[in-house]
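Coordinates in review
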Amino acid sequence: MEKTTLKLYNTLSGKVEEFVPLEEGVVRLYTCGPTVYDYAHIGNFRSYVAEDLLKRFLKFLGYKVIHVMNITDVDDKTIKGAREEGVTLREFTRKYEKAFFEDIDTLKLDRADYYPRATEHIPDMIKIIQGLLEKGHAYIKEGSVYFRISSFPEYGKLSKIKPEELKAGVRVEADEYTKEDVRDFALWKAKKEGEPSWPSPFGEGRPGWHIECSAMSMKYLGETLDIHAGGVDNIFPHHENEIAQSEAYTGKPFVRYWFHVQHLIVDGEKMSKSRGNFYTLRDLLAMGFSPRAIRYLLLTTHYRKTLNFTFEALYQATTSLKRITDFLYELETRKFPEGETKEAAEKIEECRRNFTAALADDLNISGGMAAIFELIRWGNRAMEEGKLLRGDAQRARNLLYDLDRVLAVLPERVVEELPEEIMRMIKEREEARKRKDYATADRIRDELFKRGIILEDTKEGTRWKKIKE
Ligand SMILES: [Zn+2]
């Protein structure tokens, strides 16, 4: 396969650029992870699934990907949650962390190489804060440490927010009036009564949220990362602050490509608990939707477009996915004449080429899916006309599973193994038919139907199908 160049939109430059990693063949990827104070909602998973598509496609292109995702297990929300439940911060956050890992497995998100917890990297954060203090990029006020934004003239280069606009818009927390400048942000927060705290050279306290991502990304991936990903709501202030503190500390570019995923809305509105349109992954599963259909829906809107989640769209996703699995089912269960054709080989290769080219164009997923459905249309017609041969079917099936390394929406196998009892009934019916005992054959057929199995008698023998998934 010839080498494919991936083009990606880079928020920093505001342009679609050719992606070239720092080290040949290796991609260092950091994705902002969950704050473990609740079950993750479908808006969170929209970002994670889009990032997963990026990661899987990089691997498909042959890159080795080193992936880090942080777990925020100390912040205002986790502290509040633990206090309300009357448990320790650790007990509280571990419960939601466990749920998060169950959810990402349900959605087949490729696991990261590292999931560092903030609370286990406090010394790494302190080291950077000390460095920033020494270089004059930070200052201590009443036990808290703040980053001095006026010391970093490039501040705003990611979000394109000008410093003067910033001054007017910043919301100042009551305990942060001691800052030199309202724009400055906390690197370290002085201990408050009844809150968890850690010792540090600047006094007891806890880290701010932004420093966590700088410390943990640089620890596992080095001072310059290839790709840093997150939702668009992270651009400002979170990622802008990460750039400021990291680059002020190392004097090197922090991230080469910034990848941001647009919002998910529900029925055209912002998702919120008060509107009653708020869904976790678990809510949708409880309603009976399949994880693969949910993943399919989250995956198939381009990551730079707002995804409008509706139940109608989820039903459509279920239907589209079924078209693919029905096609696979035919490929695996029909009896095809021996041989292979040049036309099929060309059609299948064209599908692979078009799929790859579309994804390489800033992850154009619609183009990628169009290539697959084009193959399915052609393949179904060829089957009806009896033109598809055994080798062709095998080749088409292999391609779909190969492309599924990127999509991860297909079931492990389309043809299930039936329980032994059912297999025996199918065999008994065949024997009854052979001796022309149609009454027995029909009785067995009805019995199987009651158990959700449909039989189809074809020229090539009897095939079975499950009525529902
Ligand atoms: Zn982050």
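Here's what I pulled together on the structure shown here. None of the values given here were measured: they were computed from a predicted structure. In this convention, every chain numbers its residues from 1, walking through the sequence in written order. For this predicted model, a pLDDT threshold of at least 70 governs which residues receive local features, and a threshold of 80 or more governs which side-chain atom pairs are given and counted, while totals over whole chains, interfaces and linings are taken from all residues.

**Quick word on the sheet that holds strand E13 (residues 307–309)**
To keep things clear, this is the line we draw: At least two DSSP bridges between two strands are needed for those strands to be called paired. Secondary structure elements follow DSSP: runs of H or I of four or more residues count as helices, runs of E of two or more count as strands, with numbering from the N terminus.
In spatial order, the strands read E12-E11-E13; together these three strands make up an open sheet with mixed pairing. The strands lining the two open edges of the sheet, one partner per strand, are strand E12 (269–270) and E13. Across three bridges, the pairing between strand E11 (residues 264–266) and E13 is parallel. When the bridges of E13 are listed, isoleucine 265 appears paired with asparagine 308.

**Some remarks on the pairing of strand E1 (residues 7–10)**
Note that E1 and strand E2 (residues 15–18) share four bridges and pair antiparallel. The residue bridging asparagine 10 from the neighbouring strand is lysine 15, located in E2. Between E1 and the antiparallel strand that follows it, E2, lie four residues; glycine 14 among them carries a positive phi value of about 70 degrees.

**Some thoughts on the environment of methionine 271**
What counts here: In this description, a residue-residue contact is defined by the distance between C-beta atoms placed from the backbone, which must lie within 7 Å.
For methionine 271, the position within the fold is in the loop between E12 and helix H8 (281–286). Measuring from C-alpha to C-alpha, the distance between methionine 271 and isoleucine 42 comes to 9.4 Å, with 229 residues separating the pair along the chain. Here methionine 271 is in contact with His41, Gly43, Leu264, Ile265, Val266, Asn277 and Phe278, once residues within four sequence places are set aside.

**Notes on unusual backbone geometry**
The linkage connecting phenylalanine 236 with the following residue, proline 237, adopts the cis geometry, with an omega of 0 degrees. Mapped onto the secondary structure, proline 237 falls in helix H7 (residues 235–250). The phi dihedral of alanine 408 falls on the positive side, at around 55 degrees, and the residue is not glycine. Looking at the secondary structure, you find alanine 408 in the loop between helix H13 (390–407) and helix H14 (420–434).

**A look at the nonpolar core**
Inclusion rule: Each nonpolar core consists of buried Ala, Val, Leu, Ile, Met, Phe, Trp, Tyr and Cys residues. Their C-beta atoms, within 7 Å, join them into a set. Neighbour density around each residue's C-beta defines its exposure: 20 or more other C-beta atoms within 10 Å make it buried, 12 or fewer make it exposed, and counts between make it partly exposed, where C-beta atoms are placed from the backbone. A domain assignment, automatic or from a database, supplies the domain bounds used here.
Val49, Leu53, Ile129 and Leu187 are the most contacted members of the largest nonpolar core, which has 104 residues in total. Ranked by the residues each element gives to this core, the list is headed by helix H1 (residues 42–60), at nine residues. A domain split of this core shows at least three residues from each of domain 1 (7–261) and domain 2 (283–407). Those residues within four positions of leucine 53 in sequence are excluded, and the remaining contacts are Leu299, Leu363, Ile365 and Val406.

**Digging into H7**
Note the cut-off: In this analysis, the expected span of each helix is defined as 1.5 Å times one less than the number of residues it contains.
Helix length check: H7 (16 residues) gives 21 Å between terminal C-alpha atoms against 22 Å at 1.5 Å per residue, within 8%. Of the residues making up H7, those classed as buried are His239, Glu240, Asn241, Glu242, Ile243, Ala244, Gln245, Ser246, Glu247, Ala248 and Tyr249. Considering only its buried residues, H7 is in contact with helix H4 (122–134), strand E6 (144–147), strand E7 (185–190), helix H6 (209–221), strand E9 (225–231) and strand E10 (255–261). The first or second residue beyond H7 is glycine 251, which carries a positive phi of 75 degrees.

**Focus on the environment of arginine 94**
With respect to the helices and strands, arginine 94 occurs in helix H3 (residues 89–106). Residue class for arginine 94 comes out partly exposed when judged on the 16 C-beta atoms lying within 10 Å of it. Distance in space between the C-alpha atoms of arginine 94 and aspartate 73 is 8.3 Å, their sequence separation being 21 residues.

**Looking at the environment of methionine 425**
Along the chain, methionine 425 turns up in helix H14. Taking C-alpha positions, methionine 425 is 41 Å from glutamate 349, a pair spaced 76 residues apart along the chain.

**With respect to the packing of helix H9 (residues 291–299) against helix H10 (residues 311–333)**
Spelled out, the test is: Every axis corresponds to a line fitted to the C-alpha atoms, with the helix fit spanning only the stretch in contact, and the corresponding angles, defined between N-to-C directions, vary from 0 to 180 degrees. Between 65 and 115 degrees an angle is taken as roughly perpendicular, under 35 as roughly parallel, over 145 as roughly antiparallel, and anywhere else as oblique. Each residue receives one of three labels: charged for Asp, Glu, Lys and Arg, nonpolar for Ala, Val, Leu, Ile, Met, Phe, Trp, Tyr, Cys and Pro, and polar for the others, Gly being one of them.
At their nearest, the axes of H9 and H10 sit 8 Å apart, and the two run at 105 degrees to each other. Comparing the axis directions of H9 and H10 gives the class roughly perpendicular. Counting all contacts with H9, which are made through Arg292, Ala293, Tyr296 and Leu297, the residues of H10 involved are Ala313, Leu314, Ala317, Thr318, Ser320 and Leu321. Its residues assigned to classes, the contact of H9 with H10 shows seven nonpolar, two polar and one charged.

**Considering the pairing of E9**
We count it as follows: Every crossover in which the path from the first strand over the helix to the second runs clockwise, viewed with the strands pointing away from the viewer, is termed right-handed.
Burial analysis of E9 places seven of its seven residues in the buried class, which makes it a mostly covered element. In this sheet, E9 lies alongside strand E3 (residues 26–31) in parallel orientation, the contact comprising three bridges. Along E9, the bridge assignment pairs threonine 31 with alanine 229. Handedness of the crossover joining E9 and E10 through H7 is recorded here as right-handed.

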